[in-house]
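Letter by letter, the chains look like this.
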2 protein chains.
Amino acid sequence: MSKFGNISLIAADWGTSNLRVWGIDHQGKVVNTITNGKGMSSLMPSEFEPYLIGLIENWLPKEKKAKCPIIICGMAGAKTGWKEAAYLKAPCPPINEEKIIQLETEDQRISVSIIPGIMQKSPPDVMRGEETQIAGYLSKNPDFDGIICLPGTHTKWVHISAGEIVSFKTFMTGEIFLSLSEHSILKSSVQSDDLDPTSFLEAFEDTYSNPALLSSKLFGLRAADLLENTSAKLLKSKLSGYLIGSELAGAKSYWLGQNIVMIGNNDLCILYQKALKKLGLNATIENTQNVTLYGLQEACRGRYNQ
Amino acid sequence: MSKFGNISLIAADWGTSNLRVWGIDHQGKVVNTITNGKGMSSLMPSEFEPYLIGLIENWLPKEKKAKCPIIICGMAGAKTGWKEAAYLKAPCPPINEEKIIQLETEDQRISVSIIPGIMQKSPPDVMRGEETQIAGYLSKNPDFDGIICLPGTHTKWVHISAGEIVSFKTFMTGEIFLSLSEHSILKSSVQSDDLDPTSFLEAFEDTYSNPALLSSKLFGLRAADLLENTSAKLLKSKLSGYLIGSELAGAKSYWLGQNIVMIGNNDLCILYQKALKKLGLNATIENTQNVTLYGLQEACRGRYNQ
C-alpha cells in the first residue's frame, strides 16, 4: 500500500528493458515500489518525464514549494535515453557526485538527477547501472578489495581496489544464451523451465578446459536431441554450462586468487557460484535490490542532504 | 529457357531454407534450374509432392509410361521433411546406393528417391546434404585424402580417407553470426554489406590465440561503437573474424598438416581461405553447384542407369 506524503526521495534503476522505482521515506525506508517493463528502449527522450510523473504522481509532496529529489541510474543516462550522462573513465570511484547530471524538468515538483556510467578506454568497455550497485556494496564494505562479478545479459567482472573501479571486462554470455535459445536451431531443443546441476557442471568443465570448442559443443546439443533424444532440461543446462565455462576461462585473470562478490539475478548468481566452486573459489552473493538502493541513496546523500 | 521433353533426370538439393532443382538431359547437361526459398521448414510432409510437381510439370515426359527419376539430397530427408531417410553411421562412404530411400508418390510420372544424411555417434553429430557434395567431389577426385571444410550456417570439417567419411565436426559459427547480427545489441553496430580484410584478420588472430575471450571480444564491438564510433564495416568484419578465429582454434585437430578442400558459399569460403592462409595452409575452393550436381548424378548412376 502506498503511504502518500511520506516520501522524501524517489530512486530508480532505469535499464534498457526494465524500470524499478522506489519511494523512500525520511528514515531511508522503502515505502513504495513499482517494477515494470517500461525500459529505456521503449521511450523517446521526451516521454521519460511524463511517464515517470504518471507513475509517481501520488507520491509527490502536496506543498507547492517542495521539490522531491529523484535519483536515477542505468540506461536512462545513455545517449538514446532521457538525457546523456557522459561516462566517467576508469580507474575511478564508482560514483563521483560532481559528475551526476541535473535535468531540467517541466514539472517543478521534482528535481531529477542521473548517475553516469563508466567507460574503459583499452580494451573498450562500458557499464551503466552496475557502477551504482558497486557503490552500494562499497558503502557497506568500504575496505573491500577484490572482484565484483555482476552476471546478466552482459556479465561484468570488475576489479575493485582502494574504493575504485580499477578495470572491468564484459562478457556477452547472457545475450548469446538468449539469442541461441530464441533464434537458432537450438530453440526447439532447450525449452525448459528447470536446470540440471550435474549436466550444467559437466558442460561447464568441457568448455572451461577447451573454450575453442564452444561453437562445436553448441551444435552438439542439436545432434544430441536428434540422435539421443536428450531432454530439453539437460540440453538447456548444457547450453548454460558451455557458455559460462567459456566465460570463466576468459575471465581467469579477474578471478584467480581473488575475493569474489556477486550481484545480479539470484538464480544466475547461484549458477556462477557453483561453477566458481568447481574452480576452488567461494563467491558471496549479495542482495541486488539492497545494493542498488544503497548506491542510489549514497549518490544523493551529499546532493540532497538525505 | 526451358527445353521441354529433353529432361531425363531431375536433381534437387532441398535444404532447410532453400530449394534448388535442376533438370538434366541425356548427356548429363543441366538444361533447367530453379532456385527459391521454399525450404523444408516451410512445407508439411504432404505438401512436398504437389509443390515439386507444380514446379517441374512442364519438364515431365509426355509419354504416359515413362517415369522421370528425381533424386534429392538435404533436409527433405529429415524426420520433419518429406520422408525420413535414416542416417548412415560414420565411418562410411558419403553415399551408399542401397540406403537411398524410394518414395511412394501420387503422381505416377515420377520416381523420387532421397539420399540419407550421415550421423556420428561420439561426439554426436549430423549432416544432411553435405554428404552428397562430398560424394560429388570424390567422384572426380577418387584418391583424395584429407579434409573437406564446408562453411555455412553450420560449418562442417570432414576427415576423408580411402573414399570414406572417417569423422566430422560441426561448428555453429554461421548461426551464431546470424543470431548476433539480427537479434542482439550488436544489431545496430554491424549493418554493412562489405567486409574489411585487415580488420577481419586482426580479429581472427585475437580469438584464434585466445578463444576463451570470444564472448568478451563480442561485447567489445558494442563498446567500440559507443566509444570510438567505429564503422559498421569494420565491426562486422571483426564479428566475423572473432567467430572464425575461435572455430579454427577448435578445429585444429582437423586441419593441422592436412590438404584442405572447401565447398560452400564462395564469399564465406574466401574468408576461411584467408584465415587458413594466416595459419600457413593453402585451401582449394570448389564450385559448390558442380560438386552438388556430381554427387546427385553419382547417386543415381547405378540406380537409374543414368
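Structure first, text after, so check above.
Everything numeric here is computed off the predicted structure, so don't read it as measured data.

For the rest of this paragraph, the subject is the sheet that holds strand β4 (residues 68-73) of chain B. All names here are of chain B. With respect to topology, 6 strands assemble into an open sheet ordered β3-β2-β1-β4-β7-β6, the strand pairing being mixed. Each edge of the open sheet carries a strand with a single partner, namely β3 (30-36) and β6 (101-102). Pairing geometry for strand β1 (residues 7-14) and β4, over 4 bridges, is parallel. Residue pairing for β4: Ala12 is matched across the bridge by Ile72. In this fold helix α1 (residues 48-56) packs onto β1, β2 (19-25), β3, β4 and β7 (110-114), with an angle of close to 50° to the strand it touches most, β2.

Attention now goes to the nonpolar core. Core analysis: the biggest nonpolar cluster contains 38 residues, and A:Leu180, A:Leu218, A:Leu239, B:Leu180, B:Leu218 and B:Leu239 have the highest contact counts within it. Counting only elements with at least two residues in this core, the list comes to α3 (173-183), α5 (214-228) and α6 (232-250) of chain A together with α3 (173-183), α5 (214-228) and α6 (232-250) of chain B. When residues no more than four places from it in sequence are discounted, the contact partners of A:Leu239 are A:Phe177, A:Leu180, A:Ser181, A:Leu186, A:Val190, A:Leu218 and A:Leu221.

Residue and element names in this part refer to chain A. Where α3 contacts α6, the two axes come as close as 10 Å, and the packing angle between them is 150°. Between α3 and α6, the angle falls in the class roughly antiparallel. Where α3 crosses over α6, the handedness of that crossing is right-handed. When α3 is examined against α6, the residues Thr173, Ile176, Phe177, Leu180 and Ser181 are found in contact with a partner set consisting of Lys236, Leu239, Ser240, Leu243, Ile244 and Glu247. For the contact of α3 with α6, the per-class residue count stands at 6 nonpolar, 3 polar and 2 charged.

Residues and elements named next belong to chain B. In terms of residue burial, β2 counts as a mostly covered element, since 6 of its 7 residues are buried. Direction of pairing for β1 relative to β2: antiparallel, over a ladder of 7 bridges. Across the sheet, residue Ala11 finds its bridge partner in β2, namely Trp22. Two successive antiparallel strands, β1 and β2, enclose a turn made up of 4 residues.

The next thing to look at is helix α9 (residues 288-299) of chain A. All names here are of chain A. For α9, built from 12 residues, the straight-helix expectation of 16 Å at 1.5 Å per residue is met to within 8% by its first-to-last C-alpha distance of 16 Å. Those residues of α9 lying buried are Thr288, Val291, Thr292, Leu293, Gly295, Leu296, Gln297 and Ala299. Considering only its buried residues, α9 is in contact with β1 (7-14), β2 (19-25), β3 (30-36), β4 (68-73) and α2 (130-140). Put simply, Asn287 is the residue that caps the front of α9, since its side-chain oxygen is 3.0 Å from the backbone nitrogen of Gln289.

Each value, and the rule that gives it
- Residues numbered from 1 in each chain as written.
- Chains lettered and ligands numbered in written order.
- Predicted model: local features only at pLDDT ≥ 70, side-chain atom pairs only at ≥ 80, totals over all residues.
- Heavy atoms only, no water.
- Pairing = 2+ DSSP bridges.
- Helix = DSSP H or I, 4+ residues; strand = E, 2+ residues; numbered from the N terminus.
- Contact = heavy atoms within 4.5 Å.
- Axes fitted to C-alpha atoms, helices over the stretch in contact; angles between N-to-C directions.
- Core = buried A, V, L, I, M, F, W, Y, C linked by side-chain atoms within 4.5 Å.
- Buried < 20%, exposed > 50% of the residue type's maximum accessible area, 1.4 Å probe, protein only.
- Parallel < 35°, antiparallel > 145°, perpendicular 65-115°, else oblique.
- Left-handed = near helix turned anticlockwise from the far one by under 90°.
- Nonpolar A, V, L, I, M, F, W, Y, C, P; charged D, E, K, R; others polar.
- Expected span 1.5 Å × (residues − 1).
- Polar contact = N/O pair within 3.5 Å; in protein donor to acceptor, adjacent residues only side chain to side chain.

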